[in-house]
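Here's the letter readout for the chains.
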Amino acid sequence: MATKKKAAKPAAKKSATKAAKSAVKKTAAKKSTSGKSTKYVYTWGAGKADGDGSMKALLGGKGANLAEMTKIGLPVPAGFTVTTEVCTYFYDNKRTYPAVLRAQMEAGIANMEKIMGYKFGDSEGFPLLVAVRSGARDSMPGMMDTVLNLGLNDKTVAALAKATDNERFAWDCYRRFIQMYGDVVLGVQKTPDEDHEPFEAVIEKYKHEAYGSDIVDSDLTAEDNKELVSRFKTLVKDRTGHGFPEDPWEQLEGAAGAVFGSWMNDRAIVYRRKYGIPAAWGTAVNVQAMVFGNTGPNSGSGVAFTRNPANGENVLYGEFLVNAQGEDVVAGVRTPDEVSGMAEALPAAFKELMKVRAILEKHFRDVQDVEFTIQDGKLYMLQTRNGKRTAAAALKFAADMVKEKLISWETAVMRNPADQLDQLLAPVFDINEAKKATVIAKGLPAGPGAASGKIYLNADRAVAAAEKGEKVLLVRVETSPEDLRGMIAAEGILTARGGVSSHAALVARQMGKVCVCGASAIEVDYDKKTVTAGDQVFKEGDFLSIDGTAGTVYGGELATEPSEIITGLINNKKASQKTEKFQNFVQLMEWCSKATRLGVRTNADTPEQVKNAVAFGAEGIGLTRTEHMFFEGDRIDAMREMILANTEEDRKKALKKLLPHQRKDFFGIFKALEGKPATIRLLDPPLHEFLPNTEESQADLAEKMGVPVEEISHRVHELHEQNPMLGHRGCRLAISYPEIAEMQAQAIFEAAAQCVKKGIPVKPEVMVPLVGYARELELQVNIIHRVAAEVKADKGVEFDYLVGTMIEVPRGALTADEIAKHAQFFSFGTNDLTQTALGVSRDDMGSFLSSYQENDIYPKNPFASLDTTGVGQLMEIAVEKGRSVKPDIKLGICGEHGGDPDSVTFCHKLGLAYVSCSPYRVPVARLAAAQAAIAESAGAKPAKAKKAAKKAAKKK
Ligand code: PEP
Ligand code: MG
């Protein structure tokens, strides 16, 4: 049941499935003895089953659960599963089968015949018809092939008509079978020149001839179906050169071959890539006795979830059709009714279904997604699997099931997918509106949520529009710090270039802004003030909408709603806090704290960001990028003056201007942290991000500095770097100009001294960036300690502080033992560590990322999810070497990976003390950290990491 109408398959498919079909025959005929002892066929039926629900690797999810449902006494039509091992054999042996398979399948059919009381291929009595379905270990809905009503031919159809006294039904089944088998097994499919599926075209043509107008398929009479069967057979003959196979065994072998063959179809390959399902798993094939929902008004078919998978409500949720086979429900030919309507249409069967619902949930202890058929009033279960769900539904299911004592709180934590949690925090589009809207481009999902607004292509105009009360989307080719005000004013940010750790993405996530970056299909023309996507042109002031969770760009305006979790946590809105969603979320976070070993800090540059992060449960700051503190207002000018200074004297003058800003900022941050630790990184400004690059900004700065514009442009030219991400940045800047580190250390410690005087607890941790040589760190550490001593003496106060370094270039990781001598902590800067380990610019991978993913070179974007094999190895080396010198050295991570669930799991295993991520990712990291801890205590414990982790946790 439940096959979706599928897209046309590649031409190669036809010959592949044919080859598979004949291979079944050949190997079966040879009856070699190889593999004799292996059991390839697992039967179920009449309360007994060879397999059970735990055998998903061998039987696939569907087969394992059919066995399980049979065992717990649910009404499941008899059948058997051909194991995934056969799929592996099939591909390892040039699409042939183990010799013993045919005999085992014959035994499987015999078992079904015994239980059902019908014979396969019977042309006298009721013939046993079967459904042949795929079943991978993880469900891959609609990706592989299915054939229903198999076993019908010109003789058995007559027997079926006689046995049921229902000619229309029998010929309806036969017509459906030829159509499905012809498509899936024989490859009779739409060619590029055709507008419609060939079988559908035949039906349409016939309906027109016979009735002159459209009628629904269920109104076709027995005679109509007979005529269609005849026309279908002609179509098959014309397209394949062969008649439609009459022998049920030939049909069965062909269908099994097609299902195995479909494991390697394009759709399945793409799906596996997206969801990380290994090709080596293979699919099983399930052969199950058909039951019929299309025998009349006392029959029907449906699909349902035991609870609502969209919002989590505890009600049966699904669709149902009277007098229909399963594919009718999902194919969209007839509009199905809500499953609740069954209570009236088929009351006894509905009552039974509700009983089954309770049994299933109690048994599987999770929400189930089921398929069922009612044949002449009797309910049959055809499938059950854990239901896919939205983040909102996952949260409610888990919370409710703990209350119902179906699952433990640990299981509830595991049931909330960490990579979906940000869905709960983001504003969302109204689902119905998004369905109607046109997608104009796709980019990288860089800042989750939904935003809709008038587009502006420049920060000033964006700010001006926002000040007038307009909802604004800032659209740029790529962003720079000059755009920051525009980014703050905008609902969302869209860029044509840049990756997930580009400036736009980083800043957007930190601010909790919706962001799609690297949408290369759009063309941004600053002169014309237009955004072009294909043949659509949007002018400034026109509406666009972006979904930063999916990376989608829509033309026009779409309505959004804020999340009550945000309004409850950040804005303290009482009404939001009373909602069930809010309370379930808070409960989930409490459970996470109970389970976790890994701390979660935040990357924050302002007191407001700190407050948000603390509201989300951050335990401190893991990274303050001090250069970001100069993005606001006129501060960038002082920063630029400092960078452009020609002499030490000029630089000191500029630094003097920066000092009070910095001190004030640090004080604000310390205050907001209320004694939680703050890792403050010394300046690391990649020059291209900070130099005034346009004539306009150079003129502006020249005027403010009172120097000729030529002087500025000359200096900008002098400072220009070919490769600024590998240029004069990080500690290199302060090695050349120690006065920069001096000023920053002074600002940090004077702010700390102010706090101490006011009774505010402080824990500053000063961090030196981009260290590759121990000596680099040593020089900086000497300055920091000297300044700390001077401030303490000057202000007459005591405070504790730490000095450490980022590990973000491979040499730093490889010489971590030497570096550790001067560091009290390491924080992995995995943005730069990825950039330098892979030799890939973090800002320029958009042009090849997708081809690298399609070719299975990058399993995921390495700037979003840690390359644990390569970059991870450097981290392991650094951890080991660092600890060899300083066993108690504090270890953390502050690259963007700190908010990625898989990377968090890796950091947990590595025994880091904390991960640090942008404020709005804090809940995601907390959940991922808790899940890593729960999974570890449930499974094998990596002894080494655990020991180290215990120590680290103590230290934390
Ligand atoms: C890093 O490189 O991982 C890091 C956190 O620093 P930045 O992104 O500021 O270079
Ligand atoms: Mg860095």
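Conventions and cut-offs
Residues numbered from 1 in each chain as written. Chains lettered and ligands numbered in written order. Predicted model: local features only at pLDDT ≥ 70, side-chain atom pairs only at ≥ 80, totals over all residues. Heavy atoms only, no water. UniProt positions renumbered as here; feature names shortened; annotations may be inferred. Helix = DSSP H or I, 4+ residues; strand = E, 2+ residues; numbered from the N terminus. Rg over C-alpha atoms; globule rule 2.2 N^0.38 Å. Buried < 20%, exposed > 50% of the residue type's maximum accessible area, 1.4 Å probe, protein only. Lys, Arg positive; Asp, Glu negative; His and termini not counted. Charge placed at Lys NZ, Arg CZ, Asp CG, Glu CD. Near = heavy atom within 4 Å. Polar contact = N/O pair within 3.5 Å; in protein donor to acceptor, adjacent residues only side chain to side chain. Areas by Shrake-Rupley, 256 points an atom, 1.4 Å probe, with all protein chains shown as cover. Nonpolar A, V, L, I, M, F, W, Y, C, P; charged D, E, K, R; others polar. Contact = heavy atoms within 4.5 Å. Pairing = 2+ DSSP bridges. Phe/Tyr/Trp six-rings, centres within 6.5 Å; stacked < 30°, edge-to-face > 60°. Lys NZ or Arg CZ within 6 Å of the ring centre and 35° of its normal. Axes fitted to C-alpha atoms, helices over the stretch in contact; angles between N-to-C directions. Domains from an automatic or database assignment. Donors = N, O, S within 2.8 Å, 3.2 Å for Na, K, Ca; no water. Left-handed = near helix turned anticlockwise from the far one by under 90°. Parallel < 35°, antiparallel > 145°, perpendicular 65-115°, else oblique. Core = buried A, V, L, I, M, F, W, Y, C linked by side-chain atoms within 4.5 Å. pLDDT = per-residue confidence, 0-100.

- With an unreviewed UniProt entry as reference, the protein chain is termed Pyruvate, phosphate dikinase, source organism Luteolibacter pohnpeiensis.
- Per UniProt, the protein chain has the following entry under Function (unreviewed entry): "Catalyzes the reversible phosphorylation of pyruvate and phosphate."

**With respect to the overall build of the protein chain**
Part 1 of the reasoning: Helices and strands together make up the secondary structure of the protein chain, namely 40 helices and 34 strands.
Part 2 of the reasoning: A compact globule built from 956 residues should have a C-alpha radius of gyration of about 30 Å, and the protein chain, at 33 Å, falls within 12% of that.
Part 3 of the reasoning: Burial statistics for the protein chain: of 956 residues in total, 57% are counted as buried.
Part 4 of the reasoning: Positive and negative charge centroids in the protein chain, built from 124 and 123 side chains respectively, lie 7 Å apart.

**Observations concerning the site of ligand 1**
Part 1 of the reasoning: Close to ligand 1 lie 13 residues, the nearest being R625, G829, N831, D832 and R842.
Part 2 of the reasoning: At 2.9 Å from an oxygen atom of ligand 1 is found a side-chain nitrogen or oxygen belonging to R681.
Part 3 of the reasoning: In the model, an oxygen atom of ligand 1 is placed 3.2 Å from a nitrogen or oxygen of the R729 side chain.
Part 4 of the reasoning: Coverage of ligand 1 by the protein amounts to 96% of the 290 Å² it exposes when considered alone.
Part 5 of the reasoning: Of all elements in the fold, only β28 (621-625) and α35 (830-838) reach the threshold of two or more residues within the shell around ligand 1.
Part 6 of the reasoning: The element contributing the most residues to the shell around ligand 1 is α35, with three residues.
Part 7 of the reasoning: Residue composition of the shell around ligand 1, by class: three nonpolar, four polar and six charged.

**What to know about the UniProt feature "binding site: Mg(2+)" (unreviewed entry) in the protein chain**
Part 1 of the reasoning: The positions UniProt marks with the feature "binding site: Mg(2+)" (unreviewed entry) are E808 and D832. These annotated residues cover 25 residues of sequence, and their C-alpha atoms lie no more than 5.3 Å from one another, placing them together at a single site.
Part 2 of the reasoning: Every residue in contact with E808, bar those within four places of it in the chain, is listed here: D684, P769, L770, G829, D832, L833 and T836.
Part 3 of the reasoning: A polar atom in the side chain of E808 sits 2.7 Å from the backbone nitrogen of L770.
Part 4 of the reasoning: As for its placement among the helices and strands, D832 is situated in helix α35.

**Some details on the pairing of strand β23 (residues 536-539)**
Part 1 of the reasoning: Note that strand β22 (residues 530-533) and β23 share four bridges and pair antiparallel. Across the sheet, T532 pairs through a bridge with V537, a residue of β23.
Part 2 of the reasoning: Counted along the chain from β22 to the antiparallel partner β23, the turn is two residues long, and its residue G534 has a positive phi close to 60°.

**Describing the packing of aromatic side chains**
Part 1 of the reasoning: Tallied over the entire structure, the rule returns 20 aromatic pairs.
Part 2 of the reasoning: Taking NZ or CZ as reference, R137 lies 4.0 Å from the ring centre of W281, over its face.
Part 3 of the reasoning: In this structure, R651 is placed above the aromatic ring of Y737, and the distance from its NZ or CZ to the ring centre is 3.6 Å.

**A closer look at the sheet that holds β28**
Part 1 of the reasoning: Reading around the barrel, the eight strands line up as β27-β28-β29-β30-β31-β32-β33-β34 and close back on themselves, with parallel pairing between neighbours. Mean inter-strand twist for the sheet, computed between neighbouring axes without regard to direction, equals 25°.
Part 2 of the reasoning: Here two bridges tie strand β27 (residues 599-603) to β28, and the two strands are oriented parallel to one another. Pairing of T602 across the sheet is with I621, part of β28.
Part 3 of the reasoning: Against the sheet, helix α32 (residues 774-795) makes contact with β30 (763-768) and β31 (802-807), and its axis sits at roughly 150° relative to β31, the strand it touches most.

**Some remarks on the domain arrangement of the protein chain**
Part 1 of the reasoning: When its domains are assigned, the protein chain resolves into domain 1 (10-165 + 246-290), domain 2 (291-389), domain 3 (427-562) and domain 4 (596-686 + 721-917).
Part 2 of the reasoning: Averaged C-alpha coordinates put domain 3 and domain 4 at centres separated by 29 Å.

**Details of the coordination of the magnesium ion (ligand 2)**
Part 1 of the reasoning: Donor atoms from the polypeptide that bind the magnesium ion (ligand 2) are E808 (OE) and D832 (OD), placed at 2.0 to 2.1 Å. Here the residue E808 occupies a position in the loop between β31 and α33 (810-814), and D832 occupies one in helix α35, the gap between them amounting to 24 residues. Grouping residues by exposure puts E808 and D832 together as buried.

**Digging into the environment of Y211**
Part 1 of the reasoning: Within the element layout of this structure, Y211 appears in helix α7 (residues 198-211).
Part 2 of the reasoning: In sequence terms Y211 and A426 are 215 residues apart; their C-alpha atoms lie 52 Å from each other.
Part 3 of the reasoning: Within the local environment of Y211, its side chain forms a polar contact with the side chain of D224, the two groups lying 2.4 Å apart.

**Section: the environment of T156**
Part 1 of the reasoning: Mapped onto the elements of the fold, T156 is located in helix α5 (residues 154-164).
Part 2 of the reasoning: Here the alpha-carbon distance between T156 and Y852, two residues 696 residues apart in the chain, equals 52 Å.
Part 3 of the reasoning: Those residues in contact with T156, other than ones at most four positions away along the chain, are G121, D122, S123, P127 and G151.

**Quick look at the packing of α5 against helix α6 (residues 167-184)**
Part 1 of the reasoning: Between α5 and α6, whose axes approach to 7 Å, the crossing angle comes to 150°. Seen along the crossing, α5 lies across α6 with a hand that is right-handed. On the side of α5, the interface is formed by D154, V157, L160, A161 and T164, while α6 contributes E167, F169, A170, W171 and Y174.
Part 2 of the reasoning: A class-by-class count of the residues in the contact of α5 with α6 yields seven nonpolar, one polar and two charged.

**A look at the pairing of strand β29 (residues 677-681)**
Part 1 of the reasoning: The buried fraction of β29 amounts to five of the five residues, a majority that puts the element mostly inside the structure.
Part 2 of the reasoning: As paired elements, β28 and β29 share three bridges and run parallel to each other. Paired with R625 across the strands is R681, a residue of β29.

**Observations concerning the packing of helix α23 (residues 580-595) against helix α39 (residues 922-938)**
Part 1 of the reasoning: Running from amino to carboxyl end, α23 crosses α39 at an angle of 45°, the nearest separation of the two axes being 8 Å. Classified by the angle their axes make, α23 and α39 are oblique. When the axes of α23 and α39 are compared, the crossing they make is left-handed. Contacts between α23 and α39 involve F585, L588, M589, C592, S593 and A595 from the former and P923, R926, L927, A930, A933 and I934 from the latter.
Part 2 of the reasoning: Here the residues of the contact of α23 with α39 sort into ten nonpolar, one polar and one charged.

**Description of the nonpolar core**
Part 1 of the reasoning: Core analysis: the largest hydrophobic core is formed by 151 residues, its most contacted members being F670, F749, M875 and L912.
Part 2 of the reasoning: For this core, the leading source of residues is helix α31 (residues 738-758), giving eleven residues.
Part 3 of the reasoning: Inspection of this core shows a minimum of three residues originating in each of domain 3 (427-562) and domain 4 (596-686 + 721-917).

**Digging into the sheet that holds strand β13 (residues 378-386)**
Two strands in a sheet stick together by hydrogen bonds in their backbones, pointing the same way (parallel) or opposite ways (antiparallel).
Part 1 of the reasoning: Here we have five strands laid out as an open sheet, ordered β11-β10-β9-β12-β13, and antiparallel in their pairing. Across the chains shown, the open sheet's two edge strands, defined by having one partner strand only, are β11 (337-338) and β13.
Part 2 of the reasoning: Here strand β9 (residues 300-305) runs beside strand β12 (residues 368-375); their pairing, made up of six bridges, is antiparallel. Within β12, the residue paired with G302 across the bridge is F372.
Part 3 of the reasoning: Docked against the sheet, helix α13 (residues 347-364) engages β12 and β13, running at close to 30° with respect to β13.

**A look at the side chain of N603**
Part 1 of the reasoning: Within the element layout of this structure, N603 appears in strand β27.
Part 2 of the reasoning: Given the relative accessible area of 1%, N603 is considered buried.
Part 3 of the reasoning: Side-chain polar atoms of N603 contact the backbone oxygen of C894, separated by 3.0 Å.
Part 4 of the reasoning: In terms of polar contacts, N603 uses its side chain to reach the side chain of S916, at 2.6 Å.

**Structural notes on the confidence of the model for the protein chain**
Part 1 of the reasoning: Looking at the protein chain, pLDDT values average 89 and 92% of them are 70 or higher.
Part 2 of the reasoning: Per-residue pLDDT stays below 50 along residues 1-36; that stretch engages in 75 contacts with residues further than four places along the chain or on separate chains.
Part 3 of the reasoning: Below pLDDT 50 for its whole length, residues 940-946 participates in seven contacts with residues either more than four positions away or in separate chains.

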